[in-house]
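This is what each chain is made of:
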Amino acid sequence: MPNGQHGQPSPSQPPAGGQWYPPEWPDRIRALADGVLTPVEPRRAATVMLLRDTPAGPAVHMLRRRSSMAFAGGAYAYPGGGVDPRDEDHRIGWAGPGLDLWAERLGTDAATAQAIVCGAVRETFEEAGVLLAGETPDTVVGDTTGDDWEADREALVARELSFAEFLDRRKLLLRSDLLGAWARWITPEFEPRRYDTWFFVAALPEGQRTRNASTEADRTVWIRPADAADGYDRGELLMMPPTISTLRSLEPYGSAADALAAADGQDLTPVLARAALEDGVLVLSWPGHDEFTKRVSPGDPA
């Protein structure tokens, strides 16, 4: 995913809250328009909006990336990361909708769908310590904070162990029915690091608890989507367009179960930024998401 920091909006552009906007984007966009920059192929990725119910409504688990991170330092995000190709061709224990149904939902073939769903579940375990798997199709593992679990988690992070091997070793079934596909965003073509990311929603399993297990984050929070969006609008919480967009889309749901039940109706058409020059003004937009439109005139700060 892209690298950069929050810049100041141009005078012609109203403040975009806490929108993350790297200062190098205008030059890269112009290079792409001039044919100097060749887009890199996006890597497949998965991220999970983990929800739990509170008296005030569902809260979502978010982490803040360390300011020293090359990509989106200081930005709030969900647990997630790149898909491991090793999870494509290894037959694993699986509960819930079959791979053909997942492939249709995600717009991929069955092997790719398996790897994407595995990536979503693996990254949630790696970065939040929460595991959407069980010994049977209708059970979920309990507390995963023991030393043996931590050793496996660290092996997964180091890629010494594939997720399929991890499930096999522990005789676990991946609970794909605990996930709902929610959105799909692709990093803009002018970025040096690009990801084709599927966003999922899931409820925190009973008996499990989150923790900051990621070396990439300096804090984690449980926060109501509306409160997080308010923090973004005030410029207090830094986020990328996919994050704030998905947060806003969660606001109508009164419980984690309601959100999960609504997942099948979410539009998975990929969202890809468009860049154009209009009368010398660089215009960056995300189709269907007008709030993120950015206009940069020559000489304006990014």
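Check the entry above for the structure.
All values derive from a computational prediction rather than experimental measurement.

(A) Layout of the nonpolar core. Membership of the largest hydrophobic core comes to 40 residues, with the highest contact counts inside it found for Leu106, Leu131, Leu179 and Phe200. Broken down by secondary-structure element, the contributors of at least two residues to this core are β1 (43-52), α2 (99-106), α3 (110-128), α4 (147-157), α5 (163-170), β8 (179-186) and β9 (195-203). Per element, the largest residue contribution to this core is 9 residues, and it comes from α3. Core analysis: the second largest hydrophobic core is formed by 36 residues, Val60, Val201, Ala228 and Ile244 among them.

(B) Geometry of the packing of α2 against α3. Relative to each other, α2 and α3 sit at 85 degrees, their axes nearing to 8 Å. One finds that α2 runs roughly perpendicular with respect to α3. Between α2, through Leu99, Asp100, Trp102, Ala103 and Leu106, and α3, the contact on the second element is made entirely by Ala110, Ala113, Gln114, Ile116 and Val117. Taken together, the residues that form the contact of α2 with α3 break down as 8 nonpolar, 1 polar and 1 charged.

(C) View of the environment of Leu238. Mapped onto the elements, Leu238 comes out in the loop between α6 (225-233) and α7 (241-250). What makes Leu238 buried here is its relative accessible area of 14%. Residues Leu238 and Ala75, 163 residues apart in the sequence, show an inter-C-alpha distance of 4.7 Å.

(D) Geometry of the environment of Thr54. Within the secondary structure, Thr54 is located in the loop between β1 and β2 (59-65). Looking at Thr54, the relative accessible area reads 26%, which means it is partly exposed. C-alpha of Thr54 to C-alpha of Ser255: the two residues are 201 residues apart in sequence and 8.4 Å apart in space. In this structure the side chain of Thr54 is engaged in a polar contact, spanning 2.4 Å, whose partner is the backbone oxygen of Gly57.

How each quantity is defined
Residues numbered from 1 in each chain as written. Predicted model: local features only at pLDDT ≥ 70, side-chain atom pairs only at ≥ 80, totals over all residues. Heavy atoms only, no water. Core = buried A, V, L, I, M, F, W, Y, C linked by side-chain atoms within 4.5 Å. Buried < 20%, exposed > 50% of the residue type's maximum accessible area, 1.4 Å probe, protein only. Helix = DSSP H or I, 4+ residues; strand = E, 2+ residues; numbered from the N terminus. Axes fitted to C-alpha atoms, helices over the stretch in contact; angles between N-to-C directions. Parallel < 35°, antiparallel > 145°, perpendicular 65-115°, else oblique. Contact = heavy atoms within 4.5 Å. Nonpolar A, V, L, I, M, F, W, Y, C, P; charged D, E, K, R; others polar. Polar contact = N/O pair within 3.5 Å; in protein donor to acceptor, adjacent residues only side chain to side chain.

The quantities given are spatial measurements derived from coordinates; they are silent on function.
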